[in-house]
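Commentary on secondary and tertiary structure
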Amino acid sequence: MPLHDTAAIQPVDLSDAERRALDTIDLDEIRSELVSLIGIPSVSGSDAECEIQHALARRLDECGLDVDLWQADLGALRADPDFPGEEVERSEAWGLVASSGPGVPALVLQGHVDVVPPGDLAKWSGDPYAARFAGTRVHGRGACDMKAGLVANLAAVRAVQRVGLPTSRPIGLHFAVGEEDGGLGAFATVRRGHLADACIITEPTSGGIVTAAGGALTFEIRVGGVATHGSTAYAGRSALNHFVPFLKALGDLERRRNETVDPLMTGLPVAYPISIGRVRCGDWASSVPDLLVAEGRLGVALDEDPAEARAALEEAIQLTARGDEWLRHHPPTVSWTGGQYASGRLVNGAPLLGLLGGALDSVGATTPRQPRGVPYGSDLRLYSGAGVPTLHYGPGSAQVAHSPREEVDLREVVQVAQTLTVALLRAASGATS
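Residues numbered from 1 in each chain as written. Predicted model: local features only at pLDDT ≥ 70, side-chain atom pairs only at ≥ 80, totals over all residues. Heavy atoms only, no water.

Along an α-helix, residues three or four apart share an orientation, since each turn contains 3.6 residues. Along its twelve residues, helix 10 (residues 351-362) runs 17 Å from first to last C-alpha, staying within 8% of the 16 Å computed at 1.5 Å per residue. For helix 10, every residue scored as buried is listed here: Leu352, Leu355, Leu356, Gly357, Ala359, Leu360 and Ser362. Buried residues belonging to helix 10 abut strand 3 (107-112), strand 7 (199-201), strand 15 (390-392) and helix 12 (410-428). Phi turns positive, to about 75 degrees, at Gly364, one or two residues after helix 10. (Helix = DSSP H or I, 4+ residues; strand = E, 2+ residues; numbered from the N terminus. Expected span 1.5 Å × (residues − 1). Buried < 20%, exposed > 50% of the residue type's maximum accessible area, 1.4 Å probe, protein only. Contact = heavy atoms within 4.5 Å.)

And the structure:
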């Protein structure tokens, strides 16, 4: 069924063509599409991460778009000095791009297809990959991060294609794997030469506008000790005990790095977090552990060179070790593993901000227009780093992403699809602000 009565849309600057396009957006189709995509358990590095790309490629073919579905050369990508890293094993990865015609697209809508694992299944109210409804809210792994964004992108491009409106420039869609563990999909897409005049990534922003994303660097700290029987612990050196001072050092470093932050990040409790996500220590309950391995992530400030961020953490660890007699002679090691997200931001003065703001006004969106930054890494920095002005705008809240509470409101998905439809039409016709 049609989603809305366009006569109820009050703003005065919607053209007849835009209204006709909005009339083709269908709520039932959006609901069905979201349920279908949640049902594909496309965890980073899984076979389903490849499966979903092929499923989406079939949908794009049905839209009458020019489709480029290719198997990524993982060896070549990993050998690239700018490779963004990865945290899961992959033997296969697929890129997917679609365009309404030849030439550089005026605007592309981008989204990542991979999701994080569900974690403890007991924390879920049901199968994480079987969508459940509570009124207009849809629950499931990937509901907001970011299959709702994918559905909004598809709905917007379909709306444009269905009315067959004449446009002077092509529009496009990019679907990427591997965003959750570094961004190899977007990296491969850019390396293949798929660029655009502008890009909107439909990450969950609760319908707000995000123009900057801090970076995140995965690290590993290895702290040694001396094993002995637990009954004679005094004769050994516990790696666990020796790790404790480093936790304080990381906390102190986080405070120093957040004393002054970019204005886009001032609304965040912690703009550039440092956290430990996993600790492995010991192999027997009655033994003193001789090795502790801690893995975590270091937040990168906007415009900060990742090399400088790495150096700051390494220095904090080294200084702490020098303050302990035993650690001075048995220093810990720091290595940089997994995803390596630099920060990124929309360039000042980019017409994309005006284009999106105008589209939001035209569909009567009530979400804030004030741009803000977010403290997590994303594909934004790979597009902006390639010279493509890029921002985030999408349905759902990041606060429930990666959790058993993950959900999205269909009303948000619909409004994002409406906004993107208007933005695509205006970008393709040359009306960029």
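Having seen the structure, we can now continue with the description.
For the rest of this paragraph, the subject is helix 7 (residues 239-257). Here helix 7 is 19 residues long and its end C-alpha atoms lie 27 Å apart, about the 27 Å a rise of 1.5 Å per residue gives. Residues Ala239, His242, Phe243, Phe246, Ala249, Leu250, Leu253, Glu254 and Arg257 constitute the buried set of helix 7.

A few words now on the sheet that holds strand 16 (residues 407-409). Overall, antiparallel pairing links the three strands, which are arranged 4-5-16 in an open sheet. Across the chains shown, the open sheet's two edge strands, defined by having one partner strand only, are strand 4 (132-134) and strand 16. With direction set aside, neighbouring strand axes in the sheet form an average angle of 25 degrees. The pairing of strand 4 with strand 5 (residues 137-139) spans three bridges and is classified as antiparallel. Each residue of the ladder has a partner; that of Ala134, found in strand 5, is Arg137. Contacting strand 5 and strand 16, helix 5 (residues 143-163) runs over the sheet at an angle of about 40 degrees to strand 16. On the sheet, helix 12 packs against strand 4, strand 5 and strand 16 and is oriented at approximately 60 degrees with respect to strand 16. (Pairing = 2+ DSSP bridges. Axes fitted to C-alpha atoms, helices over the stretch in contact; angles between N-to-C directions.)

If you walk across this open sheet you meet the four strands as 10-11-9-12, and the pairing is antiparallel. Each edge of the open sheet carries a strand with a single partner, namely strand 10 (274-281) and strand 12 (333-341). Averaged over all adjacent pairs, the angle separating strand axes in this sheet is 20 degrees, with direction ignored. As judged from the seven bridges shared by strand 10 and strand 11 (residues 291-300), these two strands associate in the antiparallel manner. Residue Ser275 lies in a different strand from strand 11, and its bridge partner there is Arg297. In the packing of helix 8 (residues 306-322) onto the sheet, contacts are made with strand 9 (215-224), strand 11 and strand 12, and the angle to strand 12 comes to roughly 150 degrees.

Any link to function would need more than the numbers given here.
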